[in-house]
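# Structural characterization, general
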Amino acid sequence: MLHGLLWFPLLGVFLWLAWAGWNEYQKVEGYRVWAQQFDRSKYDIRSALGQTGDRLVWGVPSRKGLVDRQELTLPTVKTVQLRVDGQVVDLAKPPETGKTIVLELLTETAPAPTQIPFTEVAIAVEWAKSLQKP
């Protein structure tokens, strides 16, 4: 009986891991369905982002779909900047890593810049370069 009591917490850990995996699978499946309507899209734990033509849509992924969904059109964007740990980054020489990675879009209609979080600098640099006006 003592051995059974010792293994009981381990069973709880396995059940929690199974639930966490199912939860993440539901998020990814929701993103997959959502992303089919876009030409380009990205998904990470901080945000999901999609672009079709000059329309940009993003939000926070959850099991129920995108939460805090926001949208803008690219012609209203005046500047595109990448901030890593609060500092504006040169897209030609970005750092390899950072704790806080944010793509900032300053639009004609909003007084404050719109911020889209990323988990990887390389992906954020690709998006920043593609969103900048030629």
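This text gives an overview of the structure that appears in the document. What you see is a predicted model; the values in this text were computed from it and never measured. (Residues numbered from 1 in each chain as written. Predicted model: local features only at pLDDT ≥ 70, side-chain atom pairs only at ≥ 80, totals over all residues. Heavy atoms only, no water.)

### Comments concerning the overall build of the protein chain
Put simply, the rule reads: Here a helix means four or more residues in a row that DSSP labels H or I, a strand means two or more in a row labelled E, and each is numbered from the N terminus. Values of the radius of gyration come from C-alpha atoms, whereas the globule rule sets the reference at 2.2 Å times the count of residues to the power 0.38. For the exposure calls, accessible area comes from a 1.4 Å probe over protein chains only, and a residue counts as buried if that area is under 20% of its type's maximum, exposed if over 50%, partly exposed in between. For this analysis, residues touch if any pair of their heavy atoms sits within 4.5 Å. Accessible surface is estimated by sampling points in the Shrake-Rupley manner with a 1.4 Å probe; for residues, cover comes only from the protein chains shown. Counted as positive: Lys and Arg. Counted as negative: Asp and Glu, with His and the chain ends omitted from the count. Where a charge lies is defined by one atom per residue type: Lys uses NZ, Arg uses CZ, Asp uses CG and Glu uses CD.
Along its length, the protein chain carries 2 helices and 8 strands. Taken from the N to the C terminus, the helices and strands of the protein chain come in the order α-β-β-β-β-β-β-β-β-α. On C-alpha atoms alone, the protein chain measures out to a radius of gyration of 19 Å, which is more than a quarter above the 14 Å that the 2.2 N^0.38 rule sets for 134 residues. Judged by the C-alpha coordinates and their principal axes, the protein chain covers about 70 × 30 × 25 Å. Residues classed as buried in the protein chain amount to 31% of the 134 residues present. For the protein chain, long-range pairs separated by at least 24 residues make up 39% of all intrachain contacts whose partners lie at least 6 apart in sequence. Entry remark: accessible area of the protein chain is about 8,800 Å², with carbon and sulfur atoms responsible for 60%. Side chains of the protein chain give 15 positive and 14 negative charges; the mean places of these two sets differ by 3 Å.

### Observations regarding the sheet that holds strand S2 (residues 48-52)
Where strands meet in a sheet, backbone hydrogen bonds hold them as pairs that are either parallel or antiparallel. As a reminder, the rule being used: Two strands qualify as a pair provided DSSP detects at least 2 bridges between them. Fitted lines through C-alpha atoms give the axes, limited to the stretch in contact for helices. The angle between two N-to-C directions lies from 0 to 180 degrees.
The sheet built from 4 strands is open, its strands ordered S1-S2-S3-S4 with antiparallel pairing. Each having just a single partner strand, strand S1 (40-43) and strand S4 (65-73) make up the two edges of the open sheet. Each adjacent strand pair in this sheet contributes to an overall mean axis angle of 15 degrees, direction not counted. The sheet contact formed by strand S3 (residues 55-62) and S4 spans 7 bridges and is antiparallel. Considered in S4, the bridge of Val60 is made with Val67. Across the sheet, helix H1 (residues 2-35) touches S1, S2, S3 and S4, and the angle it forms with S1 is around 170 degrees. Helix H2 (residues 121-131) rests against S1, S2 and S3 of the sheet, and its axis sits at about 150 degrees to S1.

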